[in-house]
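Commentary on secondary and tertiary structure
Take a look at the letters that make up each chain.
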Amino acid sequence: MIVAGSAFAAPITIKFSHVVAENTPKGQAANKFKDLVAERLEGKVVVEVFPNSQLFGDNKVLEAMLLGDVQMGAPSLSKFSRYTKKLQLYDLPFLFKDMTAVDKFQQSQEGQELLTSLEKKGLVGLGYLHNGMKQLSASKILKVPADADGLKFRIMSSEVLEAQFHAVGANPLKKPFSEVFTLLQTRAIDGQENTWSNIYSKKFFEVQPYITESNHGLLDYMVVTSKEFWYGLPEDIRAEVKTALDEAIAFGNEVAAKKDDEDKQKIIDSKRTEIITLNDAERAQWVEVMKPVWKQFEDEIGKDLIDAAYASNQ
């Protein structure tokens, strides 16, 4: 790599690939990062953002990064299980009660150490980007776990999410995010789990008569780069890039929180779907049925890590 500092050095290019639209929290964070770098490292570093899977989908981006075809991405945390089993923590059902608890854990020593858990595989985690808590949508009313029995739910590729739906007697199907609307519309599947902003932006609420406000899981992303690229940057430039990224992530997370509330309200206002609110007794049933999933993955994730994450609810 050319060291930016010699009189005629070409700027370092950072290709940032992601799978969502530019108006999403992740899309806005990526663009903010691009702008901050342009402002502070003009002539030294250039960030090029490729939204909507233009370069790579989430399943290919990590391989592409290790090959040097792209320098940054922000896949969902579920996509990292091939590289480390510890990050399966974030897929455990009912682990975090709200985003405040998520933040508290992610900023803790254990949460920060998870960012470096990929280094043996040549990847470096640079920060967490939020989307929000997940809700359950379906073709029928889901109030208690028995209501999900026999239904087909789309899931991301994750063994934990598979176990979560098996726990309630449902049939989980691993399908790409881009196919979910059509699968719901044609009734090839009965339901799915997602955040308010994804349910709204992808119009799932238009083809799902019921959404249960379960807040049962988390959908977050990790901004990641390759070890080779990151530690190959001159130290002063690496520090500036990291500062810009931290600011962009904080900005994206504010957008995510606001958007979650706004998009939930837009779904309510549309009157296209009925939102089901669980009472404490109903919610407790879901927690009880899904809780054994923690035990199932305890050895892979680590009991200490699960305990530390759960303690962040206090």
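Residues numbered from 1 in each chain as written. Predicted model: local features only at pLDDT ≥ 70, side-chain atom pairs only at ≥ 80, totals over all residues. Heavy atoms only, no water.

What about the overall build of the protein?
Check the secondary structure of the protein and you find 12 helices and 9 strands. A compact globule built from 314 residues would reach a C-alpha radius of gyration of about 20 Å, and the protein, at 20 Å, matches this within 12%. Total accessible area on the protein is roughly 14,100 Å²; 49% of this is exposed by carbon and sulfur atoms. Separation between the mean location of the 38 positive side-chain charges and that of the 45 negative ones in the protein comes to 3 Å. (Helix = DSSP H or I, 4+ residues; strand = E, 2+ residues; numbered from the N terminus. Rg over C-alpha atoms; globule rule 2.2 N^0.38 Å. Areas by Shrake-Rupley, 256 points an atom, 1.4 Å probe, with all protein chains shown as cover. Lys, Arg positive; Asp, Glu negative; His and termini not counted. Charge placed at Lys NZ, Arg CZ, Asp CG, Glu CD.)

Here's the deal with the pattern of salt bridges
Tallying each qualifying case throughout the model produces 11 salt bridges. Here Glu262 makes a salt bridge to Lys258, at a shortest N to O gap of 3.5 Å. With Glu262 and Lys258 both in helix 9 (residues 235–270) and 4 residues apart, this pair spans about one turn of that helix. With relative accessibility at 36%, the residue Glu262 sits in the partly exposed group. (Salt bridge = Lys/Arg side-chain N within 4 Å of Asp/Glu carboxyl O. Buried < 20%, exposed > 50% of the residue type's maximum accessible area, 1.4 Å probe, protein only.)

Here we look at the environment of Glu63
Along the chain, Glu63 turns up in helix 2 (residues 58–66). On the basis of relative accessibility, which here comes to 31%, the residue Glu63 falls in the partly exposed class. As a C-alpha pair, Glu63 and Arg187 span 124 residues in sequence and 34 Å in three-dimensional space. Not counting the four nearest positions on each side in its chain, Glu63 is found in contact with Arg82 and Tyr83. (Contact = heavy atoms within 4.5 Å.)

Quick notes on the packing of aromatic side chains
Evaluation of the coordinates by the stated rule reveals 9 aromatic pairs. Consider the rings of Tyr90 and Tyr128, whose centres lie 5.6 Å apart with planes at 65 degrees: the pair is edge-to-face. Residue Tyr90 is found in the loop between strand 3 (72–73) and helix 3 (99–107), and its partner Tyr128 is found in strand 4 (residues 123–138); the two are separated by 38 residues along the sequence. Assigned by exposure class, Tyr90 and Tyr128 land together as buried. Taking the centre distance of 5.5 Å and the plane angle of 65 degrees together, the rings of Trp294 and Tyr310 count as edge-to-face. Note that Trp294 is positioned in helix 11 (residues 292–301) and Tyr310 in helix 12 (residues 303–311), a separation of 16 residues in sequence. We classify Tyr310 as partly exposed; its relative accessible area is 41%. Through a chain of ring-to-ring contacts, three or more aromatic side chains come together here, namely Tyr90, Phe96, Phe105 and Tyr128. The ring of Tyr221 is capped by Lys26, whose NZ or CZ atom sits 3.7 Å from the centre of that ring. Directly above the aromatic system of Tyr310 lies the positively charged group of Lys291, at a separation of 5.9 Å from the ring centroid. (Phe/Tyr/Trp six-rings, centres within 6.5 Å; stacked < 30°, edge-to-face > 60°. Lys NZ or Arg CZ within 6 Å of the ring centre and 35° of its normal.)

Observations concerning the side chain of Ser226
The residue Ser226 is located in strand 8 (residues 210–226) in this model. At a separation of 3.0 Å, a polar atom in the side chain of Ser226 contacts the main-chain amide nitrogen of Phe229. Those residues in contact with Ser226 that lie beyond four places of it in its chain are Met65, Gln71, Gly122, Leu123 and Val124. (Polar contact = N/O pair within 3.5 Å; in protein donor to acceptor, adjacent residues only side chain to side chain.)

Observations regarding the packing of helix 10 (residues 280–290) against helix 11
Between two packed helices, the angle of one axis relative to the other and the distance separating the axes together describe the packing. One can describe the packing of helix 10 onto helix 11 by two numbers: an axis separation of 4 Å at closest approach and a directional angle of 30 degrees. Taken together, the axes of helix 10 and helix 11 are roughly parallel relative to one another. Residues Glu288, Val289 and Met290 of helix 10 pack against Pro292, Val293 and Trp294 of helix 11. Within the contact of helix 10 with helix 11, the residues separate by chemical class into 5 nonpolar, no polar and 1 charged. (Axes fitted to C-alpha atoms, helices over the stretch in contact; angles between N-to-C directions. Parallel < 35°, antiparallel > 145°, perpendicular 65-115°, else oblique. Nonpolar A, V, L, I, M, F, W, Y, C, P; charged D, E, K, R; others polar.)

A closer look at helix 2
Within helix 2, the full set of buried residues consists of Asp58, Val61, Leu62, Ala64 and Met65. Down the axis of helix 2, the sector holding all buried residues measures 165 degrees, keeping them to one side. Residues of helix 2 that are buried sit in contact with strand 1 (12–17), strand 3, strand 4 and strand 8. Gly68 occupies a position one or two residues after helix 2 and carries a positive phi of about 85 degrees. (Arc of directions from axis to C-beta.)

Comments concerning the nonpolar core
Soluble globular proteins: nonpolar side chains tend toward being buried together. One finds Phe16, Phe33, Met72, Val223 and Trp286 to be the most contacted residues of the largest nonpolar core, which totals 45 residues. It is helix 9 that contributes the most residues to this core, 6 residues altogether. Judged by nonpolar contacts, the second largest core, of 36 residues, contains Phe80, Leu118, Ala308 and Ala309. (Core = buried A, V, L, I, M, F, W, Y, C linked by side-chain atoms within 4.5 Å.)

Some thoughts on the packing of helix 11 against helix 12
One way to put it is that helix 11 packs onto helix 12 with a least axis distance of 7 Å and a crossing angle of 115 degrees. Listed contacts from helix 12 to Trp294, Glu298 and Ile301 of helix 11 are Lys303, Leu305, Ile306 and Tyr310. Here the residues of the contact of helix 11 with helix 12 are counted per class, giving 5 nonpolar, no polar and 2 charged.

As for empty space enclosed by the protein
Inspection of the entire model under this criterion finds 2 cavities of 30 Å³ or more. Its volume calculated, the largest cavity comes out at about 50 Å³. Around the largest cavity sit Leu77, Ser78, Phe80, Ser81, Leu87, Gln88, Asp91, Ser158, Glu159 and Val160, which together line it. In terms of residue class, the lining of the largest cavity is made up of 4 nonpolar, 4 polar and 2 charged. When its volume is computed, the second largest cavity comes out at roughly 40 Å³. Lining the second largest cavity we find Ser76, Leu77, Ser78, Tyr90, Asp91, Met156, Leu218, Leu219 and Asp220. Taken together, the residues of the lining of the second largest cavity break down into 5 nonpolar, 2 polar and 2 charged. (1 Å grid on protein atoms, 1.4 Å probe; cavity = no way out; pocket = protein on both sides within 12 Å on 5 of 7 lines; lining within 4 Å. Points joined across faces, edges and corners; volume = space filled by probe spheres on them.)

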